[in-house]
Amino acid sequence: MPSKVRFRKQQRGRRRGKAWRGSRLSFGDYGLKVLEPGWVTARQIEAGRVAIMRFIKRGGKLWIRIFPDKPVTKKPAETRMGKGKGAPEFWVAVVKPGRIIYEMEGVSEVDAREALRLASHKLAVATQFVRRSAA
């Protein structure tokens, strides 16, 4: 979550359009690209990071290209309707198709593909492995 926010609660918004920022590999040689719009929670991002680092052990470098800066509110269970909006429950990053979530370098393509495959199972959106072109 962010260290400080201007407003505690946000509206949900609409998940449409394609990512026009963060859609190219900027740092590493391999990446994980999102194929559908959705929310990726802070816990999913961390679970993917742990899965990648556990697989590649101490080789290579990893960049996380998204940040969970949107609060999602929830009302307590078995609460009557009304009485305002619920308290912030968790944080999400809004992702659109084409957005790169993770980038890696310093490992072989086979290892990168497997590590990012393991991370993709932790996410709630469809993803695709991408690599830097030789252009």
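The structure displayed is predicted, hence computed values, not measured ones.

Conventions used here
Starting afresh in each chain, residues are numbered from 1 along the sequence in its written order. It should be noted that, the model being predicted, local features are given only for residues of pLDDT at least 70 and side-chain atom pairs only at 80 or more, the latter also being counted only at that level, while totals for whole chains, interfaces and linings use all residues. As a convention, hydrogens and water are excluded, and side-chain values are obtained from all of the structure's heavy atoms. Take the buried residues of types Ala, Val, Leu, Ile, Met, Phe, Trp, Tyr and Cys, join any two whose side-chain atoms come within 4.5 Å, and each joined set is a nonpolar core. When a residue's accessible area, from a 1.4 Å probe over protein chains only, is under 20% of the maximum for its type it is buried; when over 50% it is exposed; and in between it is partly exposed. Comment: elements are numbered from the N terminus, with helices defined as DSSP H or I runs of at least four residues and strands as E runs of at least two. Patch membership is restricted to residues that have no salt bridge and whose relative accessible area is over 30%. Joining uses 9 Å for like charges and 5 Å for the nonpolar side chains Val, Leu, Ile, Met, Phe, Trp and Tyr. Residue burial considers only the protein chains on display, and all accessible areas are found by Shrake-Rupley using a 1.4 Å probe. Salt bridge, as used here: a side-chain nitrogen of Lys or Arg that lies within 4 Å of a carboxyl oxygen of Asp or Glu. In this charge count, Lys and Arg are treated as positive and Asp and Glu as negative; neither His nor the chain ends contribute. To locate a charge, take NZ of a lysine, CZ of an arginine, CG of an aspartate or CD of a glutamate. Any two residues whose heavy atoms approach within 4.5 Å are treated as being in contact. Two strands qualify as a pair provided DSSP detects at least 2 bridges between them. Axis definition: a line fit to C-alpha positions, over the contact stretch in the case of helices; interaxial angles, taken between N-to-C directions, run 0 to 180 degrees.

Undergrad: Describe the nonpolar core, naming the residues involved and giving the relevant values.
TA: Formed by 22 residues in total, the largest nonpolar core has its most connected members in Val40, Ile52, Ile66, Tyr102, Met104, Leu116 and Leu123. Every element with two or more residues in this core is listed here: strand S1 (30–34), helix H1 (42–56), strand S5 (87–95), strand S6 (100–105) and helix H2 (109–120). Top contributing element to this core by residue count: H2, with four residues.

Undergrad: I'd like to hear about a positive patch on the surface, residue by residue, with values.
TA: Side chains of Arg8, Lys9, Arg12, Arg15, Lys75, Arg80, Lys83 and Lys85 sit close together on the surface and give a patch of like positive charge. As for its position among the elements, Lys83 is in the loop between strand S4 (70–74) and S5. Look at Lys83 and you get exposed, because its relative accessible area is 82%.

Undergrad: Lay out the environment of Lys96 with the relevant residues and their values.
TA: Examined against the element boundaries, Lys96 turns out to sit in the loop between S5 and S6. Once the C-alpha coordinates of Lys96 and Phe67 are considered, the two residues, 29 residues apart in sequence, prove to be 13 Å apart. Lys96 has contacts with Arg16, Gly17, Lys18, Ala19, Val34 and Pro37, leaving out every residue within four places of it along the chain.

Undergrad: Which residues make up the sheet that holds S6, and what are the values?
TA: Spatially, four strands are ordered S3-S6-S1-S7 in an open sheet, and the strand pairing comes out antiparallel. Every interior strand has two partners, whereas the edge strands, strand S3 (61–64) and strand S7 (127–131), have only one. Across the sheet, the mean angle separating the axes of adjacent strands is 20° when strand polarity is ignored. Of the pairings in the sheet, the one linking S3 to S6 comprises four bridges and is antiparallel in character. Looking at the pairing, Leu62 lines up with Met104 of S6. Packed on one face of the sheet, H1 meets S3 and S6 and runs near 15° to S6.

So far we have only geometry, and geometry alone does not tell us how the molecule works.
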